[in-house]
Amino acid sequence: MSLETTLPWLYLKGISSGEMGEALKVLVGPDATGLSAGRVSRLKQVWAEEYRGWCEERLDKRHWVYVWADGVYSGLRAEQTKLCALVVIGVNERGEKHFLAIENGVRESTQSWREVLLKLKSRGLNPPKLAIRDGAMGFPGCAGGSVSGDAPAPLLDAQDHERAELPAKVRSAESEAGTA
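Residues numbered from 1 in each chain as written. Predicted model: local features only at pLDDT ≥ 70, side-chain atom pairs only at ≥ 80, totals over all residues. Heavy atoms only, no water.

1. Let's talk about the overall build of the protein chain
Inference 1: For the protein chain, the count of helices and strands is six helices and five strands.
Inference 2: If you list the helices and strands of the protein chain from N to C, you get α-α-α-β-β-β-α-β-α-β-α.
Inference 3: The buried share among the 180 residues of the protein chain stands at 34%.
Inference 4: Contacts spanning at least 24 positions in sequence make up 56% of the contacts within the protein chain whose residues lie at least 6 apart. (Helix = DSSP H or I, 4+ residues; strand = E, 2+ residues; numbered from the N terminus. Buried < 20%, exposed > 50% of the residue type's maximum accessible area, 1.4 Å probe, protein only. Contact = heavy atoms within 4.5 Å.)

2. Section: the nonpolar core
Inference 1: Residues V88, L100, W113, V116 and L120 are the most contacted members of the largest nonpolar core, which totals 16 residues.
Inference 2: Ranked by residues supplied to this core, first place goes to helix α4 (residues 110-122) with four residues.
Inference 3: Leave out the neighbours within four places in its chain, and L100 touches W54, L59, W64, V67, V88, I89, G90, L120, R123 and L125.
Inference 4: Judged by nonpolar contacts, the second largest core, of five residues, contains L10, M20, L24 and V40. (Core = buried A, V, L, I, M, F, W, Y, C linked by side-chain atoms within 4.5 Å.)

3. Notes on a nonpolar patch on the surface
Inference 1: Taken together, the side chains of Y51, F99 and I102 make up a nonpolar region of the molecular surface, amounting to roughly 270 Å² of accessible area.
Inference 2: Judged by relative accessible area, which is 48%, F99 ranks as partly exposed. (Patch = residues over 30% accessible without salt bridge, like charges linked within 9 Å, V, L, I, M, F, W, Y side chains within 5 Å. Areas by Shrake-Rupley, 256 points an atom, 1.4 Å probe, with all protein chains shown as cover. Salt bridge = Lys/Arg side-chain N within 4 Å of Asp/Glu carboxyl O.)

4. Focus: α4
Inference 1: Helix length check: α4 (13 residues) gives 18 Å between terminal C-alpha atoms against 18 Å at 1.5 Å per residue, within 8%.
Inference 2: For α4, every residue scored as buried is listed here: S112, W113, V116, L117 and L120. Within α4, the buried residues cover an arc of 130 degrees as seen down the axis, which keeps them to one side. (Expected span 1.5 Å × (residues − 1). Arc of directions from axis to C-beta.)

5. Description of the side chain of N126
Inference 1: Turning to its location among the elements, N126 is positioned in the loop between α4 and β4 (130-133).
Inference 2: Among the polar contacts listed, one links the side chain of N126 to the side chain of H63, at a separation of 3.2 Å.
Inference 3: Excluding its chain neighbours within four sequence positions, the residues that come into contact with N126 are R62, H63 and W64. (Polar contact = N/O pair within 3.5 Å; in protein donor to acceptor, adjacent residues only side chain to side chain.)

6. Some details on the pattern of salt bridges
Inference 1: The final tally for this structure, using the stated rule, is three salt bridges.
Inference 2: Between R58 and D60 there is a salt bridge, and its shortest N-O distance comes to 2.8 Å.

7. Quick look at the packing of aromatic side chains
Inference 1: Enumeration over the complete set of coordinates arrives at one aromatic pair.
Inference 2: With 5.9 Å between their ring centres and 35 degrees between their planes, Y51 and W54 make a pair best called tilted. Within this pair, Y51 and its partner W54 are both found in helix α3 (residues 37-55), separated by three residues, close to a single helical turn.
Inference 3: Judged by its relative accessible area of 35%, Y51 falls in the partly exposed class.
Inference 4: Sitting over the ring of W54, R123 keeps its end group 5.9 Å from the ring centre. (Phe/Tyr/Trp six-rings, centres within 6.5 Å; stacked < 30°, edge-to-face > 60°. Lys NZ or Arg CZ within 6 Å of the ring centre and 35° of its normal.)

8. A short note on the environment of S74
Inference 1: Looking at where S74 falls in the secondary structure, it is placed in strand β1 (residues 64-78).
Inference 2: Taking the C-alpha atoms as reference points, S74 and C84, separated by 10 residues in sequence, lie 6.2 Å from one another.

9. Considerations on the confidence of the model for the protein chain
Inference 1: With 59% of its residues at a pLDDT of at least 70, the protein chain reaches an overall mean of 74.
Inference 2: Mean pLDDT across the secondary structure elements of the protein chain bottoms out at helix α5 (residues 145-148), with 42, and peaks at strand β3 (residues 97-106), with 90. (pLDDT = per-residue confidence, 0-100.)

10. Let's talk about the environment of P128
Inference 1: One can find P128 in the loop between α4 and β4.
Inference 2: Its relative accessible area of 18% is what places P128 among the buried residues.
Inference 3: Sequence separation between P128 and V65 is 63 residues, and the spatial gap between their C-alpha atoms is 5.0 Å.

Okay, structure coming up:
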């Protein structure tokens, strides 16, 4: 594991800025020096700026064929509310996967998903031909037409037992869009 990937991992595991140098000495050895609490804090600022820039990138430069949505739970709680990261991955016409959104959410509520989708729309996300959810419980209540004003994309639950349904839904979406 490189230093660039180790530092965020340690931070996410709850190692404080002041403990980072000591934790790296255990992992990397005695050569892990020069990581003061101030330096780690500056790195966290850089990561936050990079994240903010990524969250503002335009999405209308590519055509997104389908999106996959899921909520990832960390086990952390804010008072009595269970927090999760709402994740949207898009696949473009070349078959390339890209993270489109990683946002904080309150459980997987319809309101939290609506906010994520509105941000994606403001960044230029075109209506996908298919939306897939993996347990994103509030996602169907806000996906498709109710947010974008366009016809809703077919929604497939990734946990369906009828997995053979996916190619038919993709073909149906392509024929409706005139791209088949």
